[in-house]
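Here is what each chain is made of, one letter per residue.
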Amino acid sequence: MKEAVHISGLASAGPDLQELLGMAARGDQDAFAQVYEAVCGPVLGLVRSVLRDPAQSEEVAQEVLVEVWRTAPRFQAARGSAMNWVLTLAHHRAVDRVRSVEATTAREHKAALLDRTPAFDEVTEQVESRLEREQVRRCMRTLSELQRESVTLAYYRGLTYREVGELLAVPLGTIKTRLRDGLIRLRDCLGVSA
């Protein structure tokens, strides 16, 4: 078997990262301090390579180290090394931040586009209303005098059919027929489908 190569040339006398993580999982703050010292550089380097922004990288690295402290009991040595577990957490957190920033940017872009779109065009609305009124007036002129009089009293003055009949001294059935025929002609003239 090959011996582990240590940068300082001397093997460390203390527990390895995996053991320290296990001790931190049981609440040992001193062990976590050693874990922190061992992984903070690689975590920051990985996060910075994903995010590129130094300030956000430091913030995400801090979040990762807090997550390591909180989730240390979930570490399973059988699934990989302690350093790989920590760096996987760091990578996931950095990618989540990138996605979050992209989603925020997309939402802000959409909101900016909506702010530029006028909610209501008053001039267009007035022109359309005027054109509709003129079309109704033109169609009203196509009615017979009796139909136009009945429709005007019922729909513009707000009289009931009975009141229109009394005012014109015409039976109620006749008023209903005039109004029905007049409304049918208006509908056809205006191009409204039933």
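Reading guide: rules and limits
Residues numbered from 1 in each chain as written. Predicted model: local features only at pLDDT ≥ 70, side-chain atom pairs only at ≥ 80, totals over all residues. Heavy atoms only, no water. Helix = DSSP H or I, 4+ residues; strand = E, 2+ residues; numbered from the N terminus. Rg over C-alpha atoms; globule rule 2.2 N^0.38 Å. Disulfide = S-S within 2.5 Å. Buried < 20%, exposed > 50% of the residue type's maximum accessible area, 1.4 Å probe, protein only. Patch = residues over 30% accessible without salt bridge, like charges linked within 9 Å, V, L, I, M, F, W, Y side chains within 5 Å. Areas by Shrake-Rupley, 256 points an atom, 1.4 Å probe, with all protein chains shown as cover. Salt bridge = Lys/Arg side-chain N within 4 Å of Asp/Glu carboxyl O. Arc of directions from axis to C-beta. Contact = heavy atoms within 4.5 Å. Core = buried A, V, L, I, M, F, W, Y, C linked by side-chain atoms within 4.5 Å.

Attention now goes to the overall build of the protein chain. Helix and strand counts for the protein chain come out as eight helices and zero strands. Reading the protein chain from its N end, one meets helices and strands in the order α-α-α-α-α-α-α-α. For 194 residues, the compact-globule estimate of 2.2 N^0.38 gives 16 Å, and the protein chain exceeds it by more than 25% at 40 Å. Projecting the C-alpha coordinates of the protein chain onto the three principal axes gives extents of approximately 115 × 35 × 30 Å.

What follows deals with the state of the cysteines. In a disulfide, the sulfur atoms of two cysteines are covalently bonded to one another. Taken as a whole and assessed by the stated rule, the structure comprises one disulfide. Paired by a disulfide, cysteine 139 and cysteine 189 hold their sulfur atoms 2.0 Å apart. Disulfide cysteine 139-cysteine 189: the torsion about the S-S bond is -80°, which places it as left-handed. With a gap of 50 residues between them, cysteine 139 in helix α5 (residues 122–140) and cysteine 189 in helix α8 (residues 172–190) connect regions that are remote in the sequence. The exposure class of cysteine 139 is buried, given its relative accessible area of 0%. Looking at cysteine 189, the relative accessible area reads 25%, which means it is partly exposed.

On the surface, a nonpolar cluster with roughly 280 Å² of combined accessible area is contributed by Val123, Val127 and Leu131. Tracing the chain through its elements places valine 127 in helix α5.

This brings us to helix α1 (residues 17–25). Those residues of α1 not exposed but buried are Leu17, Leu20, Leu21 and Ala24. Buried residues in α1, looked at end-on, bunch into an arc of 100°, giving them a common side. Tucked into the core, α1 has its buried residues touching α2 (29–51), α3 (54–71) and α4 (82–116). Following α1 by one or two positions, glycine 27 adopts a phi angle in the positive range, close to 95°.

Once that is clear, we can look at the nonpolar core. Counting 24 residues, the largest nonpolar core has Leu21, Val35, Val43 and Val68 as the members making the most contacts within it. For this core, the secondary structure elements donating two or more residues are α1, α2, α3 and α4. Excluding anything up to four places from it in sequence, valine 68 contacts Leu21, Phe32, Val35, Trp85, Val86 and Leu89. Core analysis: the next-biggest nonpolar cluster, separate from the first, contains twelve residues, Cys139, Met140, Val164 and Leu168 among them.

Turning our attention to unusual backbone geometry. With phi around 75°, arginine 52 is a residue other than glycine that occupies positive phi space. Mapped onto the fold, arginine 52 is located in the loop between α2 and α3. Positive phi, normally seen in glycine, also occurs at alanine 169, with a value near 55°. Residue classification places alanine 169 among the exposed residues on the basis of a relative accessible area of 71%.

Coordinates in, geometry out; function isn't part of it.
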